[in-house]
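Inside the fold
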Amino acid sequence: MKKKIIVPLIVFLVGICLLSVFTYNTNVQIQKDRRTIAKLNAVTYGQRIENDIENGIEITNTLKQLLINGNGQIINFSKVAENLMSYSIQSVQLAPNGVVTEIYPEEGNETGKIDLLKDSNRGEISNYAKDHNITITQGPIELKQGGSGLVVRNPIYLKDENGQEYFWGFTIAILRVPEVFEDSTNALSKFKYNYRLSREASVLDKKHVVVDANCDKMIRPVTYDLTVGKEKWKLQIMPRAGWSNSKTLYLIFFGGLSLVLLLIGLTTLLFLLDERRVELKELAHKDGLTKLYNRYGFDEMAEKMISKNPKEHCVAVLLDVDDFKLINDMYGHAYGDKALISLSENMQKFFPSSALLGRNGGDEFCILLPNCTMEEVKESLIEFTKTPKTFSYKGQTYSFCISLGYAEYPNNAIERSQLMRCADTALYEVKLHGKNGCKAYQEGFQSGVRKQLGFVLNDISENLPGAFIIYRADKEDDEIFYANKEFLDMAGYENLDAFFNGTKKSFRNLIREDQQKAVETSIWNQIESGSKNDYIHYQLRRQDGTYIPVLDQGRIVESERFGRVFYVLFMDWQAMQSHYSEKFNAKDVL
């Protein structure tokens, strides 16, 4: 069995490891090649962008030289500016003493005539350019004509008749963005690159601002650093499809995976067929919950054991859990299953390996003890019946009891089916006489008692004309164990789980808040006085928060499993008054 699992697993793991290594190395090489190409493109187009911006700045240097040559004057500024204009230039301006006076083209730029040195948005950076005699850029800014632009301001210093330098003003060019460098950015987009061009906000603010970009997010981009004047720029690019070639990697991985799966498929197929055959045989004979033989498997094996040694005595045993329905209702079916698993484990530990153990279904188990008589196993079966059996629920251990009946082959029956019926009759003789016992089959036991008892156990709690609950009589832990359907209907709960959740399994949560203390005092007076029965009238809290008046008849009982337990019957006070109003109002009641 280990070989059937390990061999295909090793083939699969080795194949996956080799395939993963090959795919990983391929991916690393693809990314390395793409980053190398991206770096070359970033350098190429970064330098072009740098030149494009420098060419825009050069316009201000041309104007600066004309002003120096003209001693602060440019004859026919409009004609000169017109010759300097291009597709990427929004306007050319002069600002003597920092005040914009000349703008070309003037149309659409009328509001541009401002005092740059005193303006709240431009003053600080303009004064810095003036004081340090450096060319500065500002932006991108929104243009009135639409789009964005970069403002280039070049400070001009002239000499007076004494040879002293003085500040004349600024030559200014407004460059359109992204038109000034769109040849480069369009090329990057064409080659399927995402890009982001950013610059320092100014020589005074080193925080980078985005000048132009064609995406919102960059993942591990390559970067080319530009220097424009005194300012730092950077161009970041990455392939639009990412650094990996997903299609190639998928083809490599899934193609390789197909080969690996094909390789192990032939080996696995034979193992799976053999394993499936064993599983089907196991499923046909074993119980899925307890792993004991199921009814079919037990009957088959018992028939073989008896037919193989027809002259040897053997004992057939049937047992079940007492009040198993109450365990399911109180704790849930999952914990009922835990009780069954615990019981099956006890059986496997207690009885010899030669014993045949099975589960008939539900909470009923069967045992066939070979080479023995009833007298020989009597004490052992009594001991097993009385041995404490437990299961865990929310960190606490709870006990449960079993009832057991047994019969002997061939003294009580010569056929397996008849032998099991005899054990079944003995089991339900125990049930009729108080449960939690062990009894051998005797002539005269009634074979029909099981049907009668089944009716009592399954139907009486749900069909009894009255609403009732059962709960532990404990001041610190008054846990509710059970409520029948009629009580759930009265209190407005859909099922027992909803009832437990809504009340937190506490009886006091069924009582209107202002009556809780009085009702609990009455209950504990009953307990302390030793009275078994008592009546209390109060308002019962329903699931929807409303209240109905009820008459509560409580009986206290000592339980071996739970200690002092209250059985409480509820009567609808309004319904009683409605049906017996005359009796309630009569002065003399017989």
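Our structure is the block above this text.
Right, let's walk through the structure included here. (Residues numbered from 1 in each chain as written. Predicted model: local features only at pLDDT ≥ 70, side-chain atom pairs only at ≥ 80, totals over all residues. Heavy atoms only, no water.)

The number of helices and strands found in the protein chain is 16 helices and 21 strands. In terms of overall dimensions, the protein chain is more spread out than a globule: its C-alpha atoms have a radius of gyration of 48 Å, far above the 25 Å expected for 590 residues. If you line up the protein chain on its principal axes, its C-alpha atoms span 140 × 85 × 35 Å. For the protein chain, buried positions account for 42% of its 590 residues. Sequence separation of 24 or more characterises 57% of the internal contacts of the protein chain that already satisfy a separation of 6 or more. On the protein chain, roughly 32800 Å² of surface is accessible, and the fraction owed to carbon and sulfur atoms is 52%. In the protein chain, 71 side chains carry a positive charge and 76 a negative one; their mean positions are 5 Å apart. (Helix = DSSP H or I, 4+ residues; strand = E, 2+ residues; numbered from the N terminus. Rg over C-alpha atoms; globule rule 2.2 N^0.38 Å. Buried < 20%, exposed > 50% of the residue type's maximum accessible area, 1.4 Å probe, protein only. Contact = heavy atoms within 4.5 Å. Areas by Shrake-Rupley, 256 points an atom, 1.4 Å probe, with all protein chains shown as cover. Lys, Arg positive; Asp, Glu negative; His and termini not counted. Charge placed at Lys NZ, Arg CZ, Asp CG, Glu CD.)

What follows covers the pairing of strand E13 (residues 389–393). Of the two faces of E13, only the one carrying Lys389, Phe391 and Tyr393 is buried; Thr390 and Ser392 on the other face are not. Alignment of E13 against strand E14 (residues 396–400), held across five bridges, turns out to be antiparallel. Residue pairing across strands places Lys389 opposite Phe400, the latter belonging to E14. The turn linking E13 back onto E14 is made up of two residues, and Lys394 within it adopts a positive phi angle of 55°. (Pairing = 2+ DSSP bridges.)

So, on to the sheet that holds strand E12 (residues 364–370). If you walk across this open sheet you meet the five strands as E11-E12-E10-E15-E16, and the pairing is mixed. In this open sheet, the two strands that pair with only one neighbour each are strand E11 (356–361) and strand E16 (438–440). When the angles between neighbouring strand axes are averaged without regard to direction, this sheet yields 20°. As judged from the three bridges shared by strand E15 (residues 402–409) and E16, these two strands associate in the parallel manner. For Gly405, the partnering residue across the bridge sits in E16 and is Lys439. With respect to the sheet, helix H6 (residues 295–308) is in contact with strand E10 (314–321), E11, E12 and E15, its orientation differing from that of E11 by roughly 140°. (Axes fitted to C-alpha atoms, helices over the stretch in contact; angles between N-to-C directions.)

So, on to empty space enclosed by the protein. Evaluated as defined, the whole model comprises one cavity of 30 Å³ or more. Considering only enclosed or pocket space, the largest cavity measures out at about 50 Å³ in volume. The wall of the largest cavity is formed by Tyr471, Ile523, Gln526, Asp534, Ile536, Asp552, Gly554, Phe566 and Val568. Listing elements by their share of the lining of the largest cavity, those giving two or more residues are helix H14 (516–529), strand E19 (533–541), strand E20 (547–559) and strand E21 (563–572). A class-by-class count of the residues in the lining of the largest cavity yields five nonpolar, two polar and two charged. (1 Å grid on protein atoms, 1.4 Å probe; cavity = no way out; pocket = protein on both sides within 12 Å on 5 of 7 lines; lining within 4 Å. Points joined across faces, edges and corners; volume = space filled by probe spheres on them. Nonpolar A, V, L, I, M, F, W, Y, C, P; charged D, E, K, R; others polar.)

Of note, Arg295 is situated in helix H6. Put simply, Arg295 and His285 are ten residues apart on the chain and 7.7 Å apart in space, counted from C-alpha to C-alpha. In contact with Arg295, other than residues within four places in its own chain, are Arg359 and Asn360.

So, about the sheet that holds strand E3 (residues 136–142). Strand order in this open sheet of five strands is E2-E1-E5-E4-E3, and the pairing throughout is antiparallel. Either end of the sheet is taken by a strand with one partner, and the two such strands are strand E2 (102–104) and E3. The mean angle between the axes of side-by-side strands here comes to 20°, regardless of whether they run parallel or antiparallel. Bridge count between strand E1 (residues 89–96) and E2: three bridges; the pairing is antiparallel. Along E2, the bridge assignment pairs Gln93 with Ile103. Docked against the sheet, helix H2 (residues 77–84) engages E1 and E2, running at close to 40° with respect to E2. Packing of helix H3 (residues 123–132) onto the sheet brings it into contact with E3, strand E4 (148–159) and strand E5 (165–177), and relative to E4 it is tilted by some 35°.

Now for the environment of Ala241. Along the chain, Ala241 falls in the loop between strand E9 (231–239) and helix H5 (246–285). C-alpha separation for the pair Ala241 and Lys192, spaced 49 residues apart in sequence, amounts to 7.9 Å.

A grouping of Ile5, Ile6, Ile10, Val14 and Leu18 is seen on the molecular surface, where their side chains present a nonpolar patch of about 460 Å² in accessible area. Structurally, Ile6 can be placed in helix H1 (residues 2–69). (Patch = residues over 30% accessible without salt bridge, like charges linked within 9 Å, V, L, I, M, F, W, Y side chains within 5 Å. Salt bridge = Lys/Arg side-chain N within 4 Å of Asp/Glu carboxyl O.)

What follows concerns the environment of Leu66. Relative to the helices and strands, Leu66 resides in helix H1. Leu66 sits 22 residues away from Ser88 along the chain, and the two C-alpha atoms are 22 Å apart. With residues near it in sequence (within four places) discarded, Leu66 still touches Gln73, Ile74 and Val80.

The next point concerns helix H9 (residues 374–386). For an α-helix, the turn length of 3.6 residues means that residues three or four places apart are oriented alike. Between its first and last C-alpha, H9 extends 18 Å over 13 residues, near the 18 Å set by a 1.5 Å rise per residue. Along H9, the largest kink reaches about 25° and is centred on Ser380. Met374, Val377, Leu381, Phe384 and Thr385 are the residues of H9 that are buried. (Expected span 1.5 Å × (residues − 1). Bend = angle between axes of the 7 residues up to and from the residue.)

With that settled, the discussion passes to the nonpolar core. Of all hydrophobic cores here, the largest spans 68 residues; its most connected members are Leu369, Phe487, Phe499 and Phe570. Looking at which element gives the most residues to this core, the answer is strand E17 (residues 467–472), with five residues. Once residues lying within four places of it in the same chain are set aside, the contact partners of Phe570 are Ala467, Phe468, Ile469, Phe487, Met490, Phe507, Tyr538, Leu540, Val550, Leu551 and Asp552. (Core = buried A, V, L, I, M, F, W, Y, C linked by side-chain atoms within 4.5 Å.)

Attention now goes to unusual backbone geometry. The omega torsion of the bond from Tyr104 to Pro105 falls at -5°, within 30 degrees of zero and hence cis. Of note, the amide linkage connecting Gly139 to Pro140 takes the cis form, showing an omega dihedral of 5°. For Pro140, the location among the structural elements is in strand E3. The phi dihedral of Asn371 falls on the positive side, at around 55°, and the residue is not glycine. Positioned with a positive phi, Lys505 is a non-glycine residue whose angle comes to about 60°. Within the secondary structure, Lys505 sits in the loop between helix H13 (496–503) and H14. Here Lys505 falls in the buried class, since its relative accessible area comes to 14%.

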